[in-house]
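Breakdown of the fold
The chain contents come next:
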Amino acid sequence: MISTNKPLRVFQSEWDQCSKCSLGERRLTAGESIIHGSGAMGQIMIVLEAPTWVEEKAGYPAQGDGGTFLLAVLKQLKLEDSVYITYSVLCRSCRVDTDNATGLPRTRRGPGGHMVPAYRDNAPTGDQLNACKQRLHEEVYIVDPVVIVACGAVAVSAMMGKATTLASIRGEPMHVSVEGAGRSASITEKKHSWSRTLRGETSWPTIPSAVRYLMVPTHDPLFVYRQYSDKRTNSPGDQFTKDLTTAAEILQMYREVASVGAATANSTEPDVEDEEDD
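**Focus: the overall build of the chain**
What the chain contains, in helices and strands, is 9 helices and 12 strands. Within the span of the chain, comprising 278 residues, buried residues form 40% of the whole. Only carbon and sulfur atoms are counted for the fraction: they give 50% of the accessible area of the chain, which is about 16,600 Å². Side chains of the chain carry 29 positive and 35 negative charges; the gap between the two charge centres is 15 Å.

The following block contains the structure:
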């Protein structure tokens, strides 16, 4: 259940043994761990596609080629202390590797010398994204970022709740909704009524309240890393840096507005004077 005051470490522990999809089942069978998000709360939240075998072995996010490239760009923009990094799914996303000639599964030598299936990193499926949707929404709600940067079509689709392409929306800030801790009235579409009467009994159903966040869609950092030799104007590298800069500007604007609001609140507090006895 989503809570307004659940600590991040408690939330993460609730998902450590997840087996809601085939990725979790493989992870538990292989004795591997979930790659939880980490970083700064309440600032910029970066949502990547999925952990690779590199992150699975390291035990924490952003360790492969795409991740180290992302961290380098964040450092260049002086954002390394202002981001929280997570994934659309928290288990390594992979499938059984097959031999191109025979179509048979490849194997490798596992613990104890036993032969086990070999896996290849692969984009998560719709079912796997849906299995991790509740976790992703609750993580966003707990981290409560000023702005989300969704990297790649998979992460953008996970945040939007529907399959989408990146070309038409990349770099354009938009609002996305996640389930919050509150409840709101469930209103019928035709009669715009809250109450429902069935067999003489009336009820007033509720649904989870939606919380809106600002999101900047951008490229997957691994894609940008592989295109890094492209030095043309408006190349994927240029676009990626520009989109992260947009998120940084949104964060800075929020900080400035919050600072002005705090200063105004302090300046309007009434002065309290000591009363003197006559």
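**Here we look at helix α2 (residues 22-30)**
Each full turn of the α-helix corresponds to 3.6 residues, which orients residues three or four apart in the same direction. Along α2, the residues classified as buried are L23, G24, R26 and R27. When α2 is viewed along its axis, its buried side chains cluster within an angular range of 160° and face the same direction. Here the buried face of α2 lies against α3 (53-58), β4 (94-96), β7 (119-121) and α5 (126-131). Following α2 by one or two positions, G31 has its phi on the positive side, about 75°.

**Overview of a nonpolar patch on the surface**
Side chains of I187, W194 and W204 sit close together on the surface and give an oily, nonpolar patch of about 340 Å² of accessible area. Among the structural elements, W194 can be located in the loop between β9 (174-185) and β10 (196-198). Judged by its relative accessible area of 37%, W194 falls in the partly exposed class.

About the cut-offs
- Residues numbered from 1 in each chain as written.
- Predicted model: local features only at pLDDT ≥ 70, side-chain atom pairs only at ≥ 80, totals over all residues.
- Heavy atoms only, no water.
- Helix = DSSP H or I, 4+ residues; strand = E, 2+ residues; numbered from the N terminus.
- Buried < 20%, exposed > 50% of the residue type's maximum accessible area, 1.4 Å probe, protein only.
- Areas by Shrake-Rupley, 256 points an atom, 1.4 Å probe, with all protein chains shown as cover.
- Lys, Arg positive; Asp, Glu negative; His and termini not counted.
- Charge placed at Lys NZ, Arg CZ, Asp CG, Glu CD.
- Arc of directions from axis to C-beta.
- Contact = heavy atoms within 4.5 Å.
- Patch = residues over 30% accessible without salt bridge, like charges linked within 9 Å, V, L, I, M, F, W, Y side chains within 5 Å.
- Salt bridge = Lys/Arg side-chain N within 4 Å of Asp/Glu carboxyl O.

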